[in-house]
Amino acid sequence: MRGHIQTACCEVDLVEDEADTLLLRDQLGGLGGGHSCARKDIKLQRRGGADSNLWWALAGDDMGHSVRQALGLDAGARVRTPSAEISDVMVVVDPPVAASSASVTTLLVEGICCASEIPIVKKCLKPLAGVDTVQVNVIGRTVTVSHAAELSSPQALADALNKARLQASVLSSLCDSGEVDEDGAKKALEALAARAESKRYPKWNVVVGAVFWALSLVHYGAASYPEDSDTHTVFAAFKYCGIVAVLLAIVPILRRSFASLKRGVLDINTLMTIAVAGACAMQDFSEAAAVVVLFALSDWLESRATSGAREAIGAISALRPEEATLSDGKTVPVTKVAVGTIVLVHPGERVPIDGTVEAGETSIDESNLTGESRPVSKRVGDAVHAGTINAGGGALRVRTSALSSNSAVARLVRLVEAAQLQSSPTEERVALFAKWYTPTVVLVSLLFATIPWAYGAEEGREWLKTSLVMLVVACPCALVISTPITYVCGLAHAARCGILLKGGKHLETLGHLQILAIDKTGTLTEGAFRINELRAFSESLSEAELFQLLLTAQQQSAHPMAVAVCASAQKRGIVAIPGGASCEVVKGEGIRATIKGRVVEVGNRRMLNRILPAAPVPEADAAREWEANGATVSWVFVDGVAAAIFSAVDKPRPEAAEAVAMLTKLGVRTLMLTGDNQGSALAVQRIVGITEVWAGLLPEDKMEHLKRLRAEPLQGGGFCAPKHACVGMVGDGVNDTPALALASVGIAMGVAGSAVAMETSDVALMDSDLRKLAKAVELGRQVLRVITQNCIFAIVVKVAVFALALGGYPFLWLAIVSDVGAMIIVTLNGVSVLGKAPRRRRHPSSSQKLMNMVGAASPMMLRPRGDDGDEVEAQGLL
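Residues numbered from 1 in each chain as written. Predicted model: local features only at pLDDT ≥ 70, side-chain atom pairs only at ≥ 80, totals over all residues. Heavy atoms only, no water.

Helix and strand counts for the chain come out as 30 helices and 35 strands. Across the 878 residues that make up the chain, the buried fraction comes to 51%. Put simply, of all contacts in the chain between residues at least 6 apart along the chain, 66% involve residues at least 24 apart. Of the roughly 38900 Å² that the chain leaves accessible, carbon and sulfur atoms contribute 57%. (Helix = DSSP H or I, 4+ residues; strand = E, 2+ residues; numbered from the N terminus. Buried < 20%, exposed > 50% of the residue type's maximum accessible area, 1.4 Å probe, protein only. Contact = heavy atoms within 4.5 Å. Areas by Shrake-Rupley, 256 points an atom, 1.4 Å probe, with all protein chains shown as cover.)

Here we take up the sheet that holds strand E26 (residues 598-603). One open sheet accounts for six strands, arranged E23-E28-E27-E26-E25-E24; its pairing is antiparallel. The open sheet has two edge strands, strand E23 (530-536) and strand E24 (582-586), and neither has a second partner. Between one strand axis and the next, the sheet turns by 20 degrees as a mean value, whatever way the strands run. Both E23 and strand E28 (residues 641-649) contribute to a ladder of six bridges, which runs antiparallel. Looking at the pairing, Ile531 lines up with Ala648 of E28. Each of E23, strand E27 (632-638) and E28 is contacted by helix H20 (residues 560-571), which is oriented at about 70 degrees to E23, the strand it contacts most. (Pairing = 2+ DSSP bridges. Axes fitted to C-alpha atoms, helices over the stretch in contact; angles between N-to-C directions.)

This next bit is on the sheet that holds strand E18 (residues 383-384). Taken together, the six strands give an open sheet; going across it, the order is E13-E12-E14-E20-E15-E18, and neighbouring strands pair in antiparallel fashion. Both outer strands of the open sheet, strand E13 (331-333) and E18, are each paired with one neighbouring strand and no more. In this structure, strand E15 (residues 355-359) lies alongside strand E20 (residues 396-400), joined through four bridges in antiparallel fashion. Counted as the bridge partner of Gly355 is Thr400 from E20.

Moving on: the nonpolar core. The biggest cluster of nonpolar side chains holds 100 residues, and the ones touching the most others in it are Met272, Leu501, Leu510, Leu516, Ile747 and Leu773. Among the elements that make up this core, the one with the highest residue count is helix H28 (residues 771-806) (14 residues). Among all residues touching Leu510, those that are not within four sequence positions of it are Leu501, Val745, Ile747, Val763, Ala776, Val777 and Gly780. In terms of nonpolar packing, the next biggest core, distinct from the first, is built from 28 residues, Ile531, Leu541, Phe547 and Ala643 among them. (Core = buried A, V, L, I, M, F, W, Y, C linked by side-chain atoms within 4.5 Å.)

Quick look at the confidence of the model for the chain now. In low-pLDDT segments, the atomic positions of the prediction should not be examined closely. Across the chain, the average pLDDT comes to 75, with 75% of residues at or above 70. Per-element averaging of pLDDT across the chain places strand E35 (residues 871-874) at the bottom with 32 and helix H23 (residues 656-665) at the top with 93. Contacts from residues 52-100, a stretch scored under 50 in pLDDT, to residues over four places away or in other chains number 108 contacts. (pLDDT = per-residue confidence, 0-100.)

As enumerated under the stated definition, the model contains six aromatic pairs in all. Aromatic pair Tyr225 and Phe235: ring centres 5.5 Å apart, planes at 20 degrees, arrangement stacked. Here Phe235 lies in helix H6 (residues 230-237) and Tyr225 lies in the loop between helix H5 (204-216) and H6, a separation of 10 residues in the sequence. With 5.7 Å between their ring centres and 40 degrees between their planes, Tyr240 and Phe285 make a pair best called tilted. (Phe/Tyr/Trp six-rings, centres within 6.5 Å; stacked < 30°, edge-to-face > 60°.)

This part is about the packing of helix H16 (residues 477-496) against helix H17 (residues 504-511). In the contact formed by H16 and H17, the axes pass within 9 Å of each other and the chain directions differ by 80 degrees. By the criterion of interaxial angle, the relationship of H16 to H17 is roughly perpendicular. Residue-level inspection shows Tyr487, Gly490 and Leu491 of H16 in contact with H17, the latter providing Gly504, Leu507 and Glu508. Grouping the amino acids of the contact of H16 with H17 by side-chain chemistry returns three nonpolar, two polar and one charged. (Parallel < 35°, antiparallel > 145°, perpendicular 65-115°, else oblique. Nonpolar A, V, L, I, M, F, W, Y, C, P; charged D, E, K, R; others polar.)

Between its first and last C-alpha, H16 extends 28 Å over 20 residues, near the 28 Å set by a 1.5 Å rise per residue. Taking burial as the measure, the 20 residues of H16 include 20 buried ones, the bulk of the element. Looking one or two residues past H16, Gly498 carries a phi angle of roughly 80 degrees, positive in sign. (Expected span 1.5 Å × (residues − 1).)

What follows deals with the pattern of salt bridges. Side-chain pairs of opposite charge can arise whenever the charged atoms involved come near each other. Going through the model one piece at a time under the given rule, you end up with 22 salt bridges. With its nearest N and O atoms 3.4 Å apart, the salt bridge here joins Arg399 to Glu358. Pair noted here: Arg399 is in strand E20 and Glu358 is in strand E15, with a separation of 41 residues, a long-range link. A relative accessible area of 35% means that Arg399 is categorised as partly exposed. (Salt bridge = Lys/Arg side-chain N within 4 Å of Asp/Glu carboxyl O.)

Looking now at the environment of Glu627. With respect to the helices and strands, Glu627 occurs in helix H22 (residues 620-628). Along the primary structure Glu627 and Ala648 are separated by 21 residues, whereas in three dimensions their C-alpha atoms are 9.8 Å apart.

What follows is about the pairing of E20. With four of five residues buried, E20 is to be regarded as a mostly interior element. Summarising the sheet, strand E14 (residues 342-345) and E20 pair through four bridges and their orientation is antiparallel. From the neighbouring strand, Val345 faces E20, where its bridge partner is Leu396.

Here the focus is the packing of H5 against helix H7 (residues 241-249). Think of two packed helices as two axes; the pair is described by the angle between the axes and how far apart they sit. One can describe the packing of H5 onto H7 by two numbers: an axis separation of 7 Å at closest approach and a directional angle of 165 degrees. Taken together, the axis directions place H5 and H7 in an arrangement best described as roughly antiparallel. Of the two elements, H5 crosses H7, and the hand of that crossing is left-handed. Residues Trp204, Asn205, Val208, Gly209, Phe212, Trp213, Leu215 and Ser216 of H5 pack against Cys241, Gly242, Val244, Ala245, Leu248 and Ala249 of H7. Among the residues making up the contact of H5 with H7, the classes are represented as 10 nonpolar, four polar and no charged. (Left-handed = near helix turned anticlockwise from the far one by under 90°.)

Right, let's talk about the side chain of Thr552 for a bit. For Thr552, the location among the structural elements is in helix H19 (residues 543-554). With a relative accessible area of 2%, Thr552 lands in the buried category. Within the structure, the side chain of Thr552 is placed 2.8 Å from the backbone oxygen of Gln548, a separation counted as a polar contact. In this structure Thr552 touches Ala576, Ile577, Gly580, Ala581 and Ile595, once residues within four positions along its chain are discounted. (Polar contact = N/O pair within 3.5 Å; in protein donor to acceptor, adjacent residues only side chain to side chain.)

Structural data, given as structure tokens:
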């Protein structure tokens, strides 16, 4: 759920942070001034069930006053949800029971080989005291548990899984204080590296077992000799090598099988154990060996096949820098660097933490974060982001603006890791099918193994072998893994391109996308307004006095128009009136401010019609002319009297026309939803070529348009396609929050520097390149194609094996080969979504080589000057 709350001083974003938990954030994005709710995020948690309207403030005692100020009163506020319905929310400050011990623990579980282990994992962990949620990542073989640490420790979670022979170990634990266990994080990297190394080759017992299985096949040569000959006896004896192969490879399978049966779960290990026991009972030891050896090899083969996906996700996780160089040359962990600290970034090094350039000039390679391969020039005053690389020849002195845990790259890594745990509609349907498929096939197998014996021993023996084949193909591993492996690779590929998706379901929605609604200001346009002309028609106020009132009224606002007005006033040397202003947002119109007893209102034509409903429009001809030329027009009122009119212009983005053309080529219908005037909207339409324009809209009007569009039937459809049209909404992720929430998929742009936008959107573009919208749609469609191919192939292989078994060819080796082979093929097909990894510059440029040589002669390229180290001088730069 996303929406907003109208408080006493402003509108506050209402953001779903997690299940039954909300965050309140100042929608204006400004700090200080009269907006007390902008000081800190306020977390609320529901109490009393899913339908309850009682919320507790999850803040310390020092936050109680802020909660009351933000809501305007101790209890009760009006909440507007994305569906535009109004409901009461009761807020209780300072709950008697604090959730101070909540923890999120990540476990590495080696025993997970496919989705059939998910029920076992949940049955092991769910009964433990304090365990809230359990999420399983089959591809990464990790389990994420939300739990109360004092009731169930991280090690207790691992111990519970180890009782089921799942080989679990603690990777890391995150407590509610937001501090990561550094030792745990380090152990996580070491464990993953050790696991990859151990999986380079199959285990020795499997290799030796494979040798004995191969030897057991020699016994088929006995058929070429008379049964009473010595040669026949020698060849026939080789079948007992199959028993050795079974004994060598079946022990781990037996252990997991018994652990599963103890918890009432019929998993693939149990099915394989039954099939092997049946083959041995029939003295078909070679077939039994084939099942055991190939099944044991499948774990290694699957690990190798999915290594590309895990390496891609690991590369994203590795983007987080680990160390930072301080201004005195000392190297410290990034977690120890406070906000406002000066850090040095030498050529070839990664920016350790988000910040602003204090000194120096260079080029920064932001491809790790945005997917844009062209280096971006950075100079004093420019923002730089953690994880990006200093690709130029100059060293930078950067003042940090965030903690390492709150940097753009840290948020990206966290969200990508969380996205892997989200299930898509297709994945849920496949899992539901698999849930019924396995017991159904096992039941049919049981009937085949028992009923035919009533017609004679020979008939029963033939059908028994058929039933064993059915047991082998009863596990839907290939079908179940075909969906998540493709989604994980799609998410990794998108992240490499600077597109952050919150889960596979949003990738799937992009694949079905038919309609894309795009906001104008800051999305299709650059969002950098410039005041074009101001005309004052007040007899008592000069132009300078009007600019002073405008500056005072709008200096706390982050709206692009307000920023342009303030910049224009400051350029004229005008300063704000001392004492500031008491401001409020006039919804759908503009702002109202009280300055020294004077009421100043700045807004659009809707405000004009409200204040002067019957009077002639001031400067009507000029307003029409400006709007026709694409400008945005605003009126200024002082104490209810029209005082001035001004126009501001905002250029369309250079790539906007190309991006719209790319979307149109993909068959996506584009339309503009904007609160700006019709003339300005049409002027932008003529330049960018967007299909439809809807102008002069209030936020609720945008939502009504989205509801109407979503009610349209889906054209074309496809595998597991929704019934109605998939509608996307593109905005800035802050002011368009309700519309982004209502759309099938909400897309926020340019979120590298915006925590709110990254958290609230379904899809986030790390920069503002509109052409990535088409890339995201293409990637979504590719993922859907691959999933369709995988599902059809996995089902066809199962049906083919069934048909062969029923047709008189019940070969266990063929069943296990087809099962393992299908799993490997769908995995490799899913990994193909990754494509080729982007090329990274491995060798320094000539300028970097020069810098490195200079650095070899002088250990510090930037050396502090003076006692406090505030000034630095470049060593050997010329």
